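Coordinate analysis (summary)
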Amino acid sequence: MTSSILAARNLSKVVSSAEGELTILHDLNLNLDKGDSLAIVGSSGSGKSTLLGLLAGLDLPSAGCVLLAGKDLSQLDEDQRARLRAEHVGFVFQSFQLLDSLNALENVMLPMELEGHADARQRARALLERVGLGQRLSHYPRQLSGGEQQRVAIARAFAADPDVLFADEPTGNLDSQTGERISDLLFQLNQERGTTLVLVTHDERLAHRCHRLIRLEAGHLIDHVEP
Ligand SMILES: Nc1ncnc2c1ncn2[C@@H]1O[C@H](COP(=O)(O)OP(=O)(O)O)[C@@H](O)[C@H]1O
Ligand SMILES: [Mg+2]
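Residues numbered from 1 in each chain as written. Chains lettered and ligands numbered in written order. Predicted model: local features only at pLDDT ≥ 70, side-chain atom pairs only at ≥ 80, totals over all residues. Heavy atoms only, no water.

1. Observations concerning the pattern of salt bridges
Quick reminder of the rule: We count a salt bridge whenever a side-chain nitrogen from Lys or Arg sits within 4 Å of a carboxyl oxygen from Asp or Glu. Only DSSP runs of H or I with at least four residues qualify as helices, and only runs of E with at least two residues qualify as strands; both kinds are numbered from the N terminus onward. Note on classification: 1.4 Å probe, protein chains only; a residue is buried when its accessible area is under 20% of the maximum for its type, exposed when over 50%, partly exposed between these limits.
For the structure shown, the criterion picks out seven salt bridges. Between D36 and R212 there is a salt bridge whose closest N-O contact spans 3.8 Å. Of the two residues, D36 sits in the loop between β2 (20–33) and β3 (37–41) while R212 sits in strand β9 (residues 212–217), which places them 176 residues apart along the sequence. Across this residue pair, the class does not change: D36 and R212 are buried.

2. Details of the pairing of strand β1 (residues 4–17)
Put simply, the rule reads: Note: two strands are recorded as paired if DSSP finds a minimum of 2 bridges between them.
Bridge count between β1 and β2: 10 bridges; the pairing is antiparallel. Paired with V15 across the two strands is L22, which belongs to β2. Taking the residues between adjacent antiparallel strands as the criterion, β1 and β2 are bridged by two residues. Of the strand pairs in this sheet, β1 and strand β4 (residues 63–68) are connected by five bridges, and their pairing is antiparallel. Paired with L6 across the strands is L68, a residue of β4.

3. Concerning the sheet that holds β4
Ordered by their spatial adjacency, four strands build an open sheet running β2-β1-β4-β5, and the pairing between neighbours is antiparallel. Both edges of this open sheet fall to β2 and β5 (71–72), since each of them pairs with a single strand only.

4. Thoughts on the site of ligand 1
Selection rule: Any residue with a heavy atom positioned within 4 Å of a molecule or strand is treated as near that molecule or strand. In protein, a polar contact means a hydrogen-donor-capable atom and an acceptor-capable atom, both N or O and within 3.5 Å, with residues adjacent in sequence counting only if both atoms are side-chain atoms; elsewhere, any N or O pair within 3.5 Å suffices. A 1.4 Å probe and the Shrake-Rupley method give the accessible areas. Residues count as covered only by the protein chains that appear here.
Close to ligand 1 lie V15, I24, S43, S44, G45, S46, G47, K48, S49 and T50, which account for all nearby residues. A distance of 2.7 Å is found between an oxygen atom of ligand 1 and a backbone nitrogen or oxygen belonging to G45. Between ligand 1 and the protein, one listed contact pairs an oxygen atom with a backbone N or O atom of S46 at 3.2 Å. When isolated, ligand 1 has an accessible area of 570 Å², and the protein chains bury 56% of it. The dominant element in the shell around ligand 1, judged by the number of residues it contributes, is helix α1 (residues 48–55), at three residues.

5. Comments concerning helix α6 (residues 176–193)
Rule in force here: Helix span, as expected, comes to 1.5 Å for every residue beyond the first. Working rule for contacts: check all heavy atoms of both residues, and any pair within 4.5 Å makes them a contact.
The end-to-end C-alpha distance of α6, which contains 18 residues, comes to 26 Å, matching closely the 26 Å that a straight helix rising 1.5 Å per residue would cover. Restricting attention to buried positions, one finds in α6 the residues T178, G179, I182, S183, L185, L186, F187, L189 and N190. Where α6 is buried, its residues meet β3, α4 (120–130), α5 (146–158), β7 (164–168), β8 (196–200) and α7 (204–209). Where α6 begins, one side-chain oxygen reaches toward the backbone nitrogen of Q177, 3.1 Å away; that side chain belongs to D175.

6. Brief notes about the packing of aromatic side chains
For clarity, the cut-off: Pairing of aromatic rings covers Phe, Tyr and Trp, the last counted by its six-membered ring, and requires centre-to-centre distances within 6.5 Å; plane angles under 30 degrees mean stacked, over 60 mean edge-to-face, and any other angle means tilted.
One pass over the structure, following the stated rule, counts two aromatic pairs. Ring plane angle 10° and centroid distance 5.7 Å describe the contact between F91 and F93, whose orientation is recorded as stacked. Chaining the aromatic ring pairs together yields one cluster made of F91, F93 and F166.

Interpretation note: all reported values are geometric properties and have no functional meaning in isolation.
Written out as structure tokens, the structure reads:
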């Protein structure tokens with residue numbers, strides 16, 4: 001039996017610009033079960049990052065709603081959304097976004113410490129070993145390659161054992177071989193932990209490893225493939 005972990009209902013996003021109102025997402029519907037993997041593809045400016053931000057509760061829709069772990073995000077205030085994210089959501093960005101002044105271990109520990117985990121250090125070490133960086137715990141981001149930095153970011157994202165991992169172009173800044181290793185890691189963790197993956201990507205191979213793929217074109221969901 002599966003159950004819905006993330007759903008979008010009639011989701012729209014309208015922003016105002018100098019030219020007037022601009023609709024960047026049009027009436028979008030989506031449902032993801034636990035353990036699913038979804039690729040969001042589409043050309044630059046088609047609305048992918050906006051959609052990811054709405055699904056993760058970082059931004060609010062102009063109409064429609066997002067249900068994350070059974071909660072309607074538009075019914076929650078900013079603090080409640082932040083708490084829901086801390087409990088259920090992990091992020092991986094194209095640009096890694098590690099803190100330069102913290103070493104690998106500290107970067108992975110930080111979110112767990114903020115959440116008050118007593119065993120943050122042990123869990124961070126185990127996760128870094130899991131992503132193959134057991135020998136890089138005290139390295140600072142500038143001492144790590146791009147692929148290694150992204151592995152630290154993945155360890156950090158999985159630290160809170162999220163139900164949903166969102167990634168915006170996780171292989172976008174990596175060469176194709178390193179990108180492939182990062183993809184392998186995401187899908188291994190997806191299978192080991194039953195984490196739902198929502199990936200924005202231009203990487204065809206990464207997109208086609210997902211169970212489902214949607215394509216955005218000027219804010220419209222034009223394609224819905226379930227291979
Ligand atoms: N806050 C905003 N105000 C005005 N326009 C925005 C805003 N956020 C995004 N856009 C516009 O919405 C469109 C979709 O942006 P985005 O979701 O970042 O696309 P993608 O990630 O697919 O490249 C773009 O044309 C962008 O310029
Ligand atoms: Mg984007």
